[in-house]
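Structure assessment
Below, each chain spelled out in residue letters.
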Amino acid sequence: MNGMIDVNEIPVFLINGFLESGKTSFIAYTLSEEYFHIEGGTLLIVCEEGEVEYDKKLLKREDVTRIDIDSKEELTKERFEELNALYKPERVLIEYNGMWGDPGELEYPESWVLYQQLTLIDGTTVGTYLNNMKALMGPMLKNSELCIVNRCDGKTDQELIDYKRKLRPMLISGSTVVMENKYGEIELETLDEELPYDVKQTVIKIGNDDYGIWFIDAKDYPQRYMGKSVEFTAQVMKPKGLKKSEFIPVRMVMTCCEADMQPLGYIAYYKDIDAFNDGDWVKITAAFTLEDRTEYHGEGPYLKVESIVRTGAVETVAGF
């Protein structure tokens, strides 16, 4: 989400998801909430026809103009400019069809600014999506700041934790995954015994296959690792902008499909890191701490390396 909305900008809220994921119900509920009221008109661009219909009285009361779009080819900058000139909205809501590919490809008029993108997923089918449709989910999720998995009634905590673990890496850094049932948000916390490594040890040994799981868990529950050390194998990466003697030990992690691999790692400190080159494979043992960094946009994991040795390359692709 951007910061405060500039008076000269028209904020765009993009609500993304597959058919029947609850987008219409979510938008209708949000429009009726006091905090979402504005003075001026709202342009609602609807990209699919679902089972749930918008209440015409609600749209009239909230000064909402609905425009239906039949294909992604219609979502052009020129079309948006026509709608902007015709309706002069104070804000824009886009109910986007997740099957249309990456919404990040959309081009907006200069005055339109994407303020927030969120994705809704039906909890009754999320397991099937993750097993069979990851290649479609990746583009849908990659720029979302919030993912809401609704209709999770009847799912066990372990199932929901597994879904969350697989969804988080597909979203942008700092994003949130929320699980909901008919009563609202479900509070979840991974139990120690549910992790594939032993967090009760003074030195927590992260297996090659488990790096992705550790990366997400360390971000979500850093208190689990405070006062301990972690041991894992990774590659040395020395991006510009870090402080002296800092580097990032990274592993390539498959977030949604083999074509979408990302290097993931946390900032680390080792006084003699200059003896190592970019790309070197190393096994490190590092004390886990937290540090406020601009790279994290706040506080995040910081690794103080206690030992580091060169190793051979690791063939295994880390995942979730």
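Our subject is the structure that appears above.
Residues numbered from 1 in each chain as written. Predicted model: local features only at pLDDT ≥ 70, side-chain atom pairs only at ≥ 80, totals over all residues. Heavy atoms only, no water.

From N to C terminus, the protein chain includes seven helices and 15 strands. Its C-alpha atoms give the protein chain principal-axis dimensions of roughly 65 × 45 × 35 Å. The 320 residues of the protein chain split such that 49% are buried. Residue pairs at least 24 apart in sequence account for 72% of intrachain contacts in the protein chain once pairs closer than 6 positions are excluded. Here the protein chain has roughly 16,200 Å² of accessible surface; of this, 49% comes from carbon and sulfur atoms. (Helix = DSSP H or I, 4+ residues; strand = E, 2+ residues; numbered from the N terminus. Buried < 20%, exposed > 50% of the residue type's maximum accessible area, 1.4 Å probe, protein only. Contact = heavy atoms within 4.5 Å. Areas by Shrake-Rupley, 256 points an atom, 1.4 Å probe, with all protein chains shown as cover.)

Next up on the list: the environment of aspartate 162. Mapped onto the elements of the fold, aspartate 162 is located in helix α6 (residues 157–167). Judged by its relative accessible area of 23%, aspartate 162 is partly exposed. Sequence separation of aspartate 162 and glycine 265 is 103 residues, and the distance between their C-alpha atoms is 21 Å.

The next point concerns the nonpolar core. The biggest cluster of nonpolar side chains holds 31 residues, and the ones touching the most others in it are Trp214, Tyr225, Phe232, Leu303 and Ile308. Of all the secondary structure elements, the ones that give two or more residues to this core are α7 (211–220), β10 (229–237), β11 (246–254), β14 (281–293) and β15 (298–310). A total of six residues in this core trace back to one element, the largest contributor, which is α7. When sequence neighbours within four positions are dropped, the list of residues in contact with tryptophan 214 reads Tyr197, Ile206, Tyr225, Val230, Phe232, Tyr266, Phe288 and Leu303. In terms of nonpolar packing, the next biggest core, distinct from the first, is built from 21 residues, Phe18, Tyr163, Leu167 and Met179 among them. (Core = buried A, V, L, I, M, F, W, Y, C linked by side-chain atoms within 4.5 Å.)

On to the side chain of serine 229. Tracing the sequence through the fold places serine 229 in strand β10. On the basis of relative accessibility, which here comes to 8%, the residue serine 229 falls in the buried class. Engagement of the side chain of serine 229 in a polar contact is seen with the side chain of glutamate 306, the distance being 3.0 Å. Contact partners of serine 229, with chain neighbours within four places excluded, come to Thr202, Val203, Ile204, Thr285, Ala286, Ala287, Phe288 and Glu306. (Polar contact = N/O pair within 3.5 Å; in protein donor to acceptor, adjacent residues only side chain to side chain.)

Moving on to α6. Structurally, the α-helix is built with 3.6 residues per turn, so residues lying three or four positions apart point the same way. Buried within α6 are the following residues: Leu160, Ile161, Tyr163, Lys164, Arg165, Lys166 and Leu167. Looking at the buried residues of α6, the elements they touch are β5 (112–122), α4 (126–132), α5 (134–141), β6 (146–150), β7 (176–181) and α7.

Before going further, it helps to spend a moment on the sheet that holds strand β3 (residues 64–68). Spatial ordering of the open sheet is given by β3-β2-β4-β1-β5-β6-β7-β8, a layout of eight strands whose pairing is mixed. Edge strands, defined here as strands with exactly one partner in the open sheet, are β3 and β8 (184–185). Across five bridges, the pairing between β5 and β6 is parallel. Pairing of leucine 118 across the sheet is with leucine 146, part of β6. Packing of helix α1 (residues 23–32) onto the sheet brings it into contact with β1 (10–17), β2 (42–46), β3, β4 (91–97), β5 and β6, and relative to β4 it is tilted by some 165 degrees. (Pairing = 2+ DSSP bridges. Axes fitted to C-alpha atoms, helices over the stretch in contact; angles between N-to-C directions.)

Enumeration over the complete set of coordinates arrives at zero disulfides. No disulfide involves cysteine 47; its nearest neighbouring cysteine sulfur is the one of cysteine 147, lying 19 Å away. With no disulfide of its own, cysteine 152 has cysteine 147 as its nearest cysteine by sulfur position, at a separation of 9.6 Å. Residue cysteine 152 is classed as buried on the basis of its relative accessible area, which comes to 2%. (Disulfide = S-S within 2.5 Å.)

Negative charge collects at one region of the surface, where Glu78, Glu81, Glu107 and Glu110 lie side by side. You can see glutamate 107 is positioned in the loop between β4 and β5. (Patch = residues over 30% accessible without salt bridge, like charges linked within 9 Å, V, L, I, M, F, W, Y side chains within 5 Å. Salt bridge = Lys/Arg side-chain N within 4 Å of Asp/Glu carboxyl O. Lys, Arg positive; Asp, Glu negative; His and termini not counted. Charge placed at Lys NZ, Arg CZ, Asp CG, Glu CD.)

For the rest of this paragraph, the subject is unusual backbone geometry. For lysine 88, which is not a glycine, the phi torsion comes out positive at approximately 45 degrees. For lysine 88, the position within the fold is in the loop between α3 (77–87) and β4. The phi angle at arginine 151 is positive, at roughly 55 degrees, despite the residue not being glycine. Relative to the elements of secondary structure, arginine 151 occurs in the loop between β6 and α6.

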